[in-house]
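Read off the chains here:
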Amino acid sequence: MDGNLCTQIKQELDSKLLRYFNLKDEETTPEQMYLAAASVLRDTMLRINTEYKEKVTRQHAKRVYYISMEFLVGRQMRNALYNLQITDEFREAVKSYGHKLEDLYELERDPGLGNGGLGRLAACYIDSLASMDIPATGFTIRYEYGIFKQRIVDGWQTELPDAWIDSGDAWQMARHDEEVEVRFGGHVEENWTEQGLKVEHKDYYTVLAVPYTLPVPGYGGRSVDELRLWEAKSTAKIDMKLFSSGQYMDAMEANAMAEVISKVLYPDDNHFEGKSLRLKQQYFLVSATIQYIVRHHFKRYGTLTNLPQLAAIQLNDTHPALAVPELMRILMDDYGYDWGTAWQIVTNTIAYTNHTVMPEALEQWSESLFRMHLPRIYSIVHEINERQCRKVFDRAGGDWDKVSRMSVINHGYVRMANLSIFGSHRVNGVSSLHSDILKKDTFRDFYSMTPDKFTNVTNGIAHRRWLCQANPQLDALIEELIGPEFRTDASRLQNLKNFAGDTNVLMRLDQIKRANKSAMAEYIAEHNGITVSPDAVFDVQVKRLHEYKRQLLNVMNIIDIYFELLENPDYLKQPHVFAFGAKAAPGYYMAKRIIRLISGLSDVINHDARLNDMLKVVFLEDYNVTLAEKIIPAAEISQQISQAGKEASGTSNMKFMMNGALTIGTLDGANVEMFQNVGPDNIFIFGLHSDEVEEMYTRGYMPTTYYQNDPRIQRAVDAIMNGVFGDRYNDIAQSLLTSDHYMLFADFESYRQTHRTMDELYADRLAWNRKSLQNIACSGVFAADRSIRDYLAEIWHAEPVE
């Protein structure tokens, strides 16, 4: 620990306490200390960021701009201290005021800027970019209430507002000097002049985009990148005539309608107003972002012709797809570029990451809605569609079916994935299997015409957060065994293989896992009122609730175990705790019913004295990054059981693997590469492969055949239907019996048998911990640093700042 630095931090804390709270030598509350500490850290990062930006400008370094509707960054304080490498000094300084640093961590709320893997991936990438000295900025919306705060009331998910900004404001800085206006509505007039076609957007209304910067420190403290959050504000003045006459709501209507854009992430879109708001959110994000990028680039270089050489814009899924026509609009309308030159700049600057192969998840917008809210953007998209369809028609020899499949506008809808592909120079999937499916199936027409455009970058996780910070005992053991270099080079984790035969190391690994389980057991007791033993197997499935992720398959297996235990108390070799964590989209009724079923299952099993505590089921409320940092280090079995061919990659699978959990999963997403890296003896694969799934769909899948011929499936479904676990879940049962779209029945017996194999293995602690060590050793390839190196080499072609 650096004593001089500790003294300096203490002086800065004194200054903040005096400035903000008029406190000098008085006793401080934890809240006051938290805000003072956050302010000191923010100022430190801003100083580094200012110096870093000057280096970037001097070196004419290429900048990476990462646009995502989600950035699930988690709590800031611990991560900032760790990456700046001043945790010990800060702990000592805070201690001098009578506070514990860990208590301050708990005062911070998770920023509500995302829902799941998409947002967590974006956060991991911006962390790695900063740690690798790549000048980068992430862009998203400053959602006032984020996704929602989940409460389980009588087994039902209830959504409450998540007012995270109260504690998050301490880390952000409003940049009113960089506000931009975003235009909606109105109409477009086109007139030919001597200078060519003149386009005017008239009668529009504007929304002000106010940027807030959130510093993102890289590990080692050399570089600090930024996350830029856009907040919507009205440009309209309050109507004082209406206000004075008592019509207060009418007077404020324009302000409220503008500011609703940044109120909530992913508003329910089961109605027209929800669809309109989502479309406005997407355009608001990309318009503000592209205006910022263009304005700063032109200020630095006086031209936009060199934009592809000095800027890389990455679209994280289709939500930011409107960046393509928005950049075209600015280049043509504001800077006078002709169509051909503008299109060349756009398509050499923008790249697109696809995150799904599911047709229903490939975004498309009603053409009429698009035209109403974004008339100028619609006219550009229409022109893109016309030009690209002509090219496809010519190259495909007049194949109208192919033109139809590849068109951007088709049957009254604007297809965002097709727009993203046409407007990008590179398109990547996020796992080897996913990228292969994109080429062979989802985007096969595009691949047949532009094969060089497609590539793969397998997802990665921020290992410094998910291993080093979340699991400090394991981090310390790894440093003791192989040195500290793995924190900047995760590939060095493979050196742990040298200790596979070291009984002492394997038992220390076991002790660390048990300590993490004990901490998690305390959390469950406090928050769920359920007592679980740290000697039980901790079997975990935490991810967004969706039918294709097949939480219901896990439920069916638990029901089977429950009935088997009632008949044979020795059915399990050791106690088992099944933990779920998931949020369902507010408008996704079936997902909410599955949560209700899990809650009912938990109530029945946890209160059945006949089980003698051999089986427990826990639903962890309000799953978020902070909760994940508790449960993942404690998990021993990681459930990655989506139907093969449906999960693009997954990232929770990598986090569990890196923390020593053993995976039970299908050959889906990144599970395929995990299987290849760790070997078949150290991962537990079950079920149909993706090609077998497609073959079964083609042949005709009959779920009732499985129900009639497998008494275990019949018993589980009947229990679901007949009210054994509270409600009569006829809707869930009938969905399985009539379609079973994600083939739970087809995979059930393979899944059940594989799970039994894991239960039997667990009794051999050395064998289990040896497999755990192998998983940790092979997880380095799934670090976000590796993913970023792949993006730099394959797509962005940017270099670290010297």
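A short tour of the structure in this document, coming up.

Procedures and definitions
Residues numbered from 1 in each chain as written. Predicted model: local features only at pLDDT ≥ 70, side-chain atom pairs only at ≥ 80, totals over all residues. Heavy atoms only, no water. Helix = DSSP H or I, 4+ residues; strand = E, 2+ residues; numbered from the N terminus. Buried < 20%, exposed > 50% of the residue type's maximum accessible area, 1.4 Å probe, protein only. Contact = heavy atoms within 4.5 Å. Lys, Arg positive; Asp, Glu negative; His and termini not counted. Charge placed at Lys NZ, Arg CZ, Asp CG, Glu CD. Pairing = 2+ DSSP bridges. Phe/Tyr/Trp six-rings, centres within 6.5 Å; stacked < 30°, edge-to-face > 60°. Lys NZ or Arg CZ within 6 Å of the ring centre and 35° of its normal. 1 Å grid on protein atoms, 1.4 Å probe; cavity = no way out; pocket = protein on both sides within 12 Å on 5 of 7 lines; lining within 4 Å. Points joined across faces, edges and corners; volume = space filled by probe spheres on them. Nonpolar A, V, L, I, M, F, W, Y, C, P; charged D, E, K, R; others polar. Core = buried A, V, L, I, M, F, W, Y, C linked by side-chain atoms within 4.5 Å. Salt bridge = Lys/Arg side-chain N within 4 Å of Asp/Glu carboxyl O. Polar contact = N/O pair within 3.5 Å; in protein donor to acceptor, adjacent residues only side chain to side chain. Axes fitted to C-alpha atoms, helices over the stretch in contact; angles between N-to-C directions. Parallel < 35°, antiparallel > 145°, perpendicular 65-115°, else oblique. Left-handed = near helix turned anticlockwise from the far one by under 90°.

A few points about the overall build of the protein chain
If you tally the helices and strands in the protein chain, you get 34 helices and 23 strands. Oriented by its inertia axes, the alpha-carbon framework of the protein chain measures out at about 90 × 75 × 65 Å. Counting all 802 residues of the protein chain, 62% fall into the buried class. Sequence separation of 24 or more characterises 77% of the internal contacts of the protein chain that already satisfy a separation of 6 or more. Measuring between centres, the 86 positive side-chain charges of the protein chain sit 2 Å from its 109 negative side-chain charges.

Here we look at the sheet that holds strand β14 (residues 409-410)
The strand order β13-β15-β14 describes an open sheet built from three strands, whose pairing is antiparallel. Each edge of the open sheet is held by one strand with a lone partner, namely β13 (364-366) and β14. Looking at chain direction, β13 and strand β15 (residues 413-415) are connected through three bridges and run antiparallel. Its bridge partner being in β15, S366 is matched across the sheet by Y413.

As for the environment of P633
If you trace the backbone, P633 turns up in helix α25 (residues 625-634). Beyond its immediate sequence surroundings of up to four residues, P633 is in contact with A470, N471, K513, N516, A628 and N659.

Regarding the packing of aromatic side chains
Here the structure, examined in full by the defined rule, presents 21 aromatic pairs. Centre to centre, the rings of Y66 and F71 are 6.2 Å apart; their planes meet at 75°, and the pair counts as edge-to-face. Both residues of the pair, Y66 and F71, count as buried. Members of the aromatic cluster, each reached through a chain of ring pairs, are Y66, F71, Y125, Y791 and W796. Between R371 and the ring centre of Y378, over which it is positioned, the NZ or CZ distance is 4.7 Å. Taking NZ or CZ as reference, R756 lies 3.9 Å from the ring centre of Y571, over its face.

Quick word on the layout of surface pockets
Taken as a whole, the second largest pocket spans an internal volume of roughly 510 Å³. In terms of lining, the second largest pocket is formed by 18 residues, of which the most central are L197, K198, V199, M332 and R376. Every element with two or more residues in the lining of the second largest pocket is listed here: β7 (187-193), β8 (196-202), α12 (323-334) and α15 (375-395). With five residues, α15 is the single largest residue contributor to the lining of the second largest pocket. For the lining of the second largest pocket, the class distribution of residues is seven nonpolar, four polar and seven charged.

Some remarks on the nonpolar core
Counting 208 residues, the largest nonpolar core has M77, F284, L322, F370 and W796 as its most contacted members. Top contributing element to this core by residue count: helix α10 (residues 272-301), with 11 residues. Those residues in contact with F370, other than ones at most four positions away along the chain, are L279, L322, W365, P375, I377, Y378, V381, V414 and M416.

What to know about unusual backbone geometry
Glycine aside, residues mostly have negative phi, and peptide bonds are mostly found in the trans state. A positive phi is found at Q85, a non-glycine position, where the angle reads about 60°. With respect to the helices and strands, Q85 occurs in the loop between α3 (77-84) and α4 (87-95). Looking at Q85, the relative accessible area reads 44%, which means it is partly exposed. Non-glycine residue H411 carries a positive phi angle of around 50°. Along the chain, the position of H411 falls in the loop between β14 and β15.

With respect to the pattern of salt bridges
Per the counting criterion, the structure on display carries 58 salt bridges. One salt bridge in this structure joins R91 and E102, with 2.6 Å as the shortest N-O distance. Residue R91 is found in helix α4, and its partner E102 is found in helix α5 (residues 101-107); the two are separated by 11 residues along the sequence. For E102, a relative accessible area of 38% corresponds to the partly exposed category. Here R464 makes a salt bridge to D127, at a shortest N to O gap of 3.9 Å.

Considerations on helix α27 (residues 671-678)
Of the positions making up α27, those classed as buried are N671, V672, E673, M674 and V678. Buried residues along α27 sit against α18 (432-442), β17 (454-456), β21 (637-640), α26 (652-658), β22 (662-665) and α33 (765-777). One or two residues past the end of α27 sits G679, with phi positive at roughly 90°.

Observations regarding empty space enclosed by the protein
This model, assessed by the stated rule, comprises five cavities of 30 Å³ or more. Taken as a whole, the largest cavity holds about 130 Å³ of empty space. Taken together, 13 residues form the lining of the largest cavity, with V73, N79, D127, V216 and R465 sitting closest to its centre. Residue assignment for the lining of the largest cavity shows that the elements contributing at least two residues are α6 (117-131) and β9 (205-217). Tallied by class, residues from the lining of the largest cavity come to eight nonpolar, two polar and three charged. Reported here for the second largest cavity is a volume of approximately 100 Å³. The wall of the second largest cavity is formed by 16 residues, among which L509, K513, N659, G660 and S772 lie closest to the centre. Those elements that provide at least two residues to the lining of the second largest cavity are α22 (503-528) and α33. Across the lining of the second largest cavity, the residue classes tally to six nonpolar, six polar and four charged.

What about helix α30 (residues 711-721)?
Residues of α30 that are buried: I713, A716, V717, A719, I720 and M721. The backbone nitrogen of R712 has a side-chain oxygen 2.9 Å away, supplied by the residue at the start of α30, namely D710. One or two positions beyond α30, positive phi appears at G723, with a value near 85°.

Focus: the pairing of strand β11 (residues 311-316)
Each regular strand carries side chains that alternate between the two faces of the sheet. For β11, the buried fraction is high: six of the six residues fall into the buried class. The sheet contact formed by strand β1 (residues 63-67) and β11 spans five bridges and is parallel. Looking at the pairing, I67 lines up with L315 of β11.

A look at the side chain of S431
Assignment of secondary structure puts S431 in the loop between β16 (427-429) and α18. Classification of S431 as buried rests on a relative accessible area of 0%. Of note is the side chain of S431, whose polar atom sits 3.1 Å from the backbone nitrogen of H434.

With respect to the packing of helix α24 (residues 589-606) against helix α31 (residues 730-738)
At a closest axis distance of 10 Å, the pairing of α24 and α31 adopts a crossing angle of 115°. As summarised for this structure, α24 and α31 are arranged roughly perpendicular, according to the angle between their axes. Here α24 and α31 pass one another in a crossing that is left-handed. Across the interface between the two elements, Y589, M590, R593, I594 and L597 from α24 touch D731, I732 and S735 from α31. The residue makeup of the contact of α24 with α31, split by class, is five nonpolar, one polar and two charged.

The values are spatial; any link to function lies outside them.
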